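Examining the three-dimensional arrangement
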Amino acid sequence: MKDAMKKTIRAMPKAELHRHLEGSVRTRTIIELARKHKLPLPTFDEPELDKIVKLKEPMKSLADVLRLFTIAQSVFVSLEAVERITHEALEDAAERENIRLLELRYSPDFMLRGKGLDWAQAHAVIAKTIRAFEKKHDLVGGIIVIASRCYGLESAARTVEFALAHRKAVIGFDFADNENDYPPALFKDLVPKLHAAGIPLTVHSGEEGTPEAMRQTIELLSPRRIGHGVKAAEDRTGRTLDLVRRRGITLETNPISNWLTHAVPALEAHPLKRFLDSGVKATIGADDPGALDTDLNKEYAAAVEEIGLSLADLRRANEYAVQGSFLEGDKRQQAERWLKAAPASVCG
Ligand SMILES: [Zn+2]
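Summary of the structure given here. (Residues numbered from 1 in each chain as written. Predicted model: local features only at pLDDT ≥ 70, side-chain atom pairs only at ≥ 80, totals over all residues.)

In terms of helices and strands, the chain carries 16 helices and eight strands. Against the compact-globule benchmark of 20 Å for 348 residues, the chain has a radius of gyration of 19 Å, which places it among compact chains. Across the chain, every contact between residues at least 6 apart in sequence was considered, and the portion connecting residues at least 24 apart equals 75%. (Helix = DSSP H or I, 4+ residues; strand = E, 2+ residues; numbered from the N terminus. Rg over C-alpha atoms; globule rule 2.2 N^0.38 Å. Contact = placed C-beta atoms within 7 Å.)

What follows concerns the pairing of strand E4 (residues 172-176). Across the five residues of E4, five count as buried, placing the element largely inside the fold. Bridging between strand E3 (residues 140-148) and E4 involves five bridges; their strand directions are parallel. Paired with Ile144 across the strands is Gly172, a residue of E4. Direction of pairing for E4 relative to strand E5 (residues 201-205): parallel, over a ladder of three bridges. (Buried ≥ 20, exposed ≤ 12 C-beta atoms within 10 Å, placed from the backbone. Pairing = 2+ DSSP bridges.)

Tracing the backbone through its elements, the reader meets Ala157 in helix H8 (residues 152-165). In sequence terms Ala157 and Pro265 are 108 residues apart; their C-alpha atoms lie 35 Å from each other.

Attention shifts here to the packing of helix H2 (residues 27-36) against helix H3 (residues 46-53). Packing of H2 against H3 brings their axes to within 9 Å, and their N-to-C directions diverge by 110°. Put simply, H2 runs roughly perpendicular to H3. Packed against H2, whose contacting residues are Thr27, Arg28, Ile30 and Ile31, the element H3 presents Glu46, Leu49, Asp50 and Val53 at the interface. Residues that form the contact of H2 with H3 fall into these classes: four nonpolar, one polar and three charged. (Axes fitted to C-alpha atoms, helices over the stretch in contact; angles between N-to-C directions. Parallel < 35°, antiparallel > 145°, perpendicular 65-115°, else oblique. Nonpolar A, V, L, I, M, F, W, Y, C, P; charged D, E, K, R; others polar.)

Turning our attention to the sheet that holds strand E1 (residues 14-20). Read across the sheet, eight strands follow the order E1-E2-E3-E4-E5-E6-E7-E8 without closing on themselves; strand pairing throughout is parallel. Of all strands in the sheet, those with a lone pairing partner are E1 and strand E8 (281-284), marking the two edges. Across the sheet, the axes of successive neighbouring strands diverge by a mean angle of 25°, strand direction being ignored. The strands touched by helix H10 (residues 211-221) within the sheet are E5 and strand E6 (225-228), with E5 carrying the most contacts at an inclination of about 160°.

Where E5 lies against E6, four bridges are found, and the strand directions are parallel. Looking at E6, one finds that Ser205 is bridged to His228. Looking at chain direction, E6 and strand E7 (residues 250-253) are connected through three bridges and run parallel. Its bridge partner being in E7, Arg225 is matched across the sheet by Thr250. As a crossover connection, the stretch from E6 through helix H11 (residues 239-246) into E7 is right-handed. (Right-handed = clockwise from strand over helix to strand, strands pointing away.)

For helix H7 (residues 119-136), with 18 residues, the first-to-last C-alpha span of 26 Å sits near the 26 Å given by 1.5 Å per residue. By the burial criterion, the buried members of H7 are Ala122, His123, Val125, Ile126, Thr129, Ile130 and Phe133. Within H7, the buried residues cover an arc of 155° as seen down the axis, which keeps them to one side. Residues of H7 that are exposed and point over 90 degrees away from its buried face: Gln121, Arg131 and Lys135. Elements that come into contact with the buried residues of H7 comprise helix H5 (79-97), helix H6 (108-111) and E3. (Expected span 1.5 Å × (residues − 1). Arc of directions from axis to C-beta.)

Counting residues in each nonpolar core, the largest one holds 98 residues, and the members touching the most others are Ala72 and Leu101. If we ignore the near neighbours within four places in the chain, the residues touching Ala72 are Glu22, Gly23, Val25, Ile30, Val53, Gly290 and Ala291. (Core = buried A, V, L, I, M, F, W, Y, C linked by C-beta atoms within 7 Å.)

The complete set of buried residues in helix H14 (residues 296-305) reads Leu296, Glu299, Tyr300, Ala302 and Ala303. The buried residues of H14 all sit within an arc of 160° when viewed along its axis, so they share a single face.

It is worth spelling out the environment of Glu234 at this point. With respect to the helices, strands and loops of the structure, Glu234 is situated in the loop between E6 and H11. Taking the C-beta count within 10 Å as the criterion, Glu234 has 13 such neighbours and is therefore assigned partly exposed. Between the alpha carbons of Glu234 and Glu80 there is a distance of 44 Å; along the sequence they are 154 residues apart.

Phi angles above zero are rare outside glycine, and His228 is one such case at about 80°. Tracing the backbone through its elements, the reader meets His228 in strand E6. One non-glycine residue, Asp287, lies in positive phi territory at about 65°. When you line up the elements, Asp287 lands in the loop between E8 and H14. On the basis of neighbour count, Asp287 is assigned to the buried category, with 27 C-beta atoms found within 10 Å.

Quick look at the structure:
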């Protein structure tokens, strides 16, 4: 990629809807927190650990990916650690990627499992850190609470109750991970409460699962957004994409993540361009920048170089992200103003 294009992408103000806090931990921070709290690590050498905690090639097994997250998850051991990781995730987004609207998400049951930390206290720290950051930087942000499907219905029910109890500091709710073994029907009775409370829903779907599972997710859970959704492109009848369009659902695609986890066979095969060309509100995220060795600059570069997006496509995906954001109206409007003030392309 030419340097001018890289600069243009770097300078473009961006909006991102899909980023996991647990997947956004700097390698150096993992080492420093492990030292401070006397936690075991496979190595305390940064370049060596970097090789272990980052997936740089398409995964060989799910165990590979789980290991990356287990190491990063192990350092959320204190409220100070939660604050530091949140602050650094925001700093990376604002300073390296020029992100102006960022929705961060985390699963309290995954992040805090085995730590003895109070969910409410940890959540308050994350919310406070975002608010403090917003005051000093041109960035608006919010938190989506995730139920980890693989922990089953009881954990999901507890997580829904938690989100309801902290409604004021929660912008949305997500069901994530293993869709195949934990289908949408399992969680459908939890969703009416969220809808009644006005907590918008996004669901990880059509990543590892099938177009059928994605349609069921839409029919049974009524999400406003779908995380990934790339399998919609495999439905040759076109029904799944039709449903997505008809319901006005925003898709949160994450091209490099989709390639690394084999949701798409190659980056060039990613359906993002087809989605945009067919009127689907597709957006671009980095998913887990720490664990997947990516960021939004890399995602945009891959979208242009490998998937064939134009700069106009990137801007459209950004507009869809602002429109589909779960943040309050005034924050979305602020982000819209920042995005409109984008510098002119240096590529002509
Ligand atoms: Zn995700």
